[in-house]
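Listed below, chain by chain, are the residues.
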2 protein chains.
Amino acid sequence: VSSHHPLVLINAFEVPEASDDEFVAAWESARTFLETQPGYVGTTLHQTVSPDAEFRFVNVAHWQTAEEFQTAVTSADFRAAAAGLAQFRSHPGLYRVVGT
Amino acid sequence: VSSHHPLVLINAFEVPEASDDEFVAAWESARTFLETQPGYVGTTLHQTVSPDAEFRFVNVAHWQTAEEFQTAVTSADFRAAAAGLAQFRSHPGLYRVVGT
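Things to note about the side chain of threonine 43 of chain B
Along the chain, threonine 43 of chain B falls in strand β2 (residues 40–48). Look at threonine 43 of chain B and you get buried, because its relative accessible area is 9%. A polar contact of 2.7 Å, which involves the side chain of threonine 43 of chain B, links it to the side chain of asparagine 59 of chain B. Engagement of the side chain of threonine 43 of chain B in a polar contact is seen with the backbone oxygen of valine 60 of chain B, the distance being 3.5 Å. Contacts of threonine 43 of chain B, omitting those with residues within four sequence positions, involve Gly99 and Thr100 of chain A together with Trp27, Arg31, Asn59, Val60 and Ala61 of chain B.

Comments concerning the interface of chain A and chain B
Contacts between the two partners involve 26 residues from chain A, matched on the other side by 26 residues from chain B. Across the chain A to chain B interface the summed buried area is about 2300 Å²; carbon plus sulfur atoms make up 61%. Three residues stand out in chain A for area buried against chain B, namely His46, Tyr95 and Thr100 of chain A, and they jointly supply 23% of the buried area on that side. Where chain A meets chain B, there are zero salt bridges. Between the two partners, chain A and chain B, sit 16 residue pairs in polar contact (both at pLDDT 80 or more). For the side of chain A that touches chain B, the elements supplying multiple residues, two or more each, are β1 (7–14), α1 (20–34), β2 (40–48), β3 (57–63) and β4 (89–99) of chain A. In terms of residue count, β4 of chain A provides more of the side of chain A that touches chain B than any other element does, seven residues in total. Looking at the side of chain A that touches chain B residue by residue, the classes come out as 13 nonpolar, nine polar and four charged. Here β2 of chain A pairs with strand β4 (residues 89–99) of chain B via four bridges, running antiparallel.

Details of the environment of threonine 44 of chain B
As for its position among the elements, threonine 44 of chain B is in strand β2. Given the relative accessible area of 23%, threonine 44 of chain B is considered partly exposed. Threonine 44 of chain B sits 27 residues away from threonine 71 of chain B along the chain, and the two C-alpha atoms are 20 Å apart. Residues within four places of threonine 44 of chain B in sequence aside, it is in contact with Val97, Gly99 and Thr100 of chain A together with Val58, Asn59 and Val60 of chain B.

Criteria and thresholds
Residues numbered from 1 in each chain as written. Chains lettered and ligands numbered in written order. Predicted model: local features only at pLDDT ≥ 70, side-chain atom pairs only at ≥ 80, totals over all residues. Heavy atoms only, no water. Helix = DSSP H or I, 4+ residues; strand = E, 2+ residues; numbered from the N terminus. Buried < 20%, exposed > 50% of the residue type's maximum accessible area, 1.4 Å probe, protein only. Polar contact = N/O pair within 3.5 Å; in protein donor to acceptor, adjacent residues only side chain to side chain. Contact = heavy atoms within 4.5 Å. Buried area = accessible area lost by both parts, 1.4 Å probe. Salt bridge = Lys/Arg side-chain N within 4 Å of Asp/Glu carboxyl O. Nonpolar A, V, L, I, M, F, W, Y, C, P; charged D, E, K, R; others polar. Pairing = 2+ DSSP bridges.

Set out below in structure tokens:
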């Protein structure tokens, strides 16, 4: 596995406090599918430690290429695996690392 | 350095396309101060690869403890070092890792 991660998906989710467990279960379903796909490097789910956070969860995922990411998330299998996430408003973006 | 990072600051910034260089210079000034502070572990700045991104930049920083982070960012020296960031609307939150 290369340590060079050219593409980073960062997705911030608006989740009601009472829906934490439901959100995590839906995220795990999506991840279980994505980790089988070509180009998947890894992902990290962050949960807020502040009760009044704008985004209770933020996912940071690494993919080898944008093309492999797009292929994975536009597949019918992904739509089925990620169906539980659709109810949560999300703010996704694709990034590259420009500073450390 | 421990590989265990209990606290993650994720900060999404709204930046006009024409202000990329100005933003990065301001971020570097803040980072140059923060990396001298007790409890700082590391940080990664992400820039969008999509022209229409809601957040053109997202910073993901790791700190040993919330107390050390709060001490660092409430200091007068930090306010001076980070003054250039104030013009950019930001969406900060403190997180812990709950899934990979």
